[in-house]
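A structural walkthrough
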Amino acid sequence: MAGPALLARSAEWRARRQRIVLANGCFDPLHVGHARYLAGARMLGDRLVVAINDDASAAALKGPGRPVMAAGDRARLVAALRVVDAVVIFSEPNVNHWLERLRPNVHAKGTDYTIESVPERELARRLGIQVAIAGDPKNHASSGLLEAIRHARPAE
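Presented here is a report on the structure given in the accompanying data block. (Residues numbered from 1 in each chain as written. Predicted model: local features only at pLDDT ≥ 70, side-chain atom pairs only at ≥ 80, totals over all residues. Heavy atoms only, no water.)

Looking only at helix 4 (residues 71-79), the buried set comprises Ala71, Arg74, Ala75 and Val78. End-on, the buried residues of helix 4 take up no more than an arc of 100°, which puts them together on one face. Next to the buried residues of helix 4 lie helix 2 (32-42), strand 2 (47-53), helix 3 (55-62) and strand 3 (86-90). (Buried < 20%, exposed > 50% of the residue type's maximum accessible area, 1.4 Å probe, protein only. Helix = DSSP H or I, 4+ residues; strand = E, 2+ residues; numbered from the N terminus. Arc of directions from axis to C-beta. Contact = heavy atoms within 4.5 Å.)

A few words on the pairing of strand 1 (residues 20-25). In terms of burial, strand 1 is largely enclosed, as six of its six residues are buried. The two faces of strand 1 match: Ile20, Leu22 and Asn24 on one face and Val21, Ala23 and Gly25 on the other face are all buried. In this structure, strand 1 lies alongside strand 2, joined through six bridges in parallel fashion. Looking across to strand 2, one finds that Asn24 is bridged to Ala51. Crossover connection from strand 1 via helix 2 to parallel strand 2: handedness right-handed. (Pairing = 2+ DSSP bridges. Right-handed = clockwise from strand over helix to strand, strands pointing away.)

This brings us to the pattern of salt bridges. All told, the structure shown has nine salt bridges when counted by the stated rule. A salt bridge links Arg66 to Asp28; the nearest nitrogen and oxygen atoms lie 2.8 Å apart. Of this pair, Arg66 sits in the loop between helix 3 and helix 4 while Asp28 sits in the loop between strand 1 and helix 2; the two residues are 38 residues apart in sequence, bridging distant segments of the chain. Residue class for Arg66 comes out buried when judged on its relative accessible area of 12%. Residues Glu122 and Arg125 are paired through a salt bridge, measuring 3.0 Å at the closest nitrogen-oxygen approach. In this pair, Glu122 and Arg125 both sit in helix 6 (residues 121-127), three residues apart, roughly one turn of the helix. Shared partners join several salt bridges into a network, and the residues in it are Arg42, Arg47 and Asp85. (Salt bridge = Lys/Arg side-chain N within 4 Å of Asp/Glu carboxyl O.)

Here the focus is helix 1 (residues 3-15). Residues separated by three or four positions in an α-helix point in the same direction, a consequence of the helix having 3.6 residues per turn. With 13 residues, helix 1 should reach 18 Å at 1.5 Å per residue; the first-to-last C-alpha distance of 18 Å fits that figure. For helix 1, the set of buried residues is Gly3, Leu6, Ser10 and Trp13. Within helix 1, the buried residues cover an arc of 80° as seen down the axis, which keeps them to one side. Turned more than 90 degrees off the buried face of helix 1, the exposed positions are Pro4 and Ala15. Directly beyond the C-terminal end of helix 1, a positive phi value near 60° is found at Arg17. (Expected span 1.5 Å × (residues − 1).)

Set out below in C-alpha cells:
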C-alpha cells in the first residue's frame, strides 16, 4: 500500500478508535515463525500494519544472496495473511520513519528482540508508542529454512 493511502486508512481506523499495531521485518522467505509473530502482534490491537524491508535494506541486513524473494512478492504473501490489514515496503535501516508518520499505538517486534534491544525503542518512547514483543520463541529462522531447501531435507 502506498504511503498516502495507508495514512488515510489509518486515519479512518483512528476515527473508529481502533488500536493500530506496526510490525516489521524482511520475511525472506516467509515461514511459520513469521506467521506466529504477526498473529501475536495482531492480538495487541485492532489493526496490523506490516512494514517490509525493500530488497536493498534486506540485503544489507541478511548478507550475500539475500533476499531470495523480491520485496513485492514478500509483501503480497504477508498481505495475504488474515491477520494483516496493510503492508508497506520501506528502504530505511529501521522503521523510525513509519513510527513518525503512522503513529501506531504499538510497535511489535519478534522474540529475537527484547524491549531493550528494539532499535526504535527511544523514538517510540518519545512518541508515546508502546513497544511490545510478540510471537513464539525464536525456533524458526529463514536462514535455517533456506539451508534445509539447499540440502533437500525437511525443515525443523
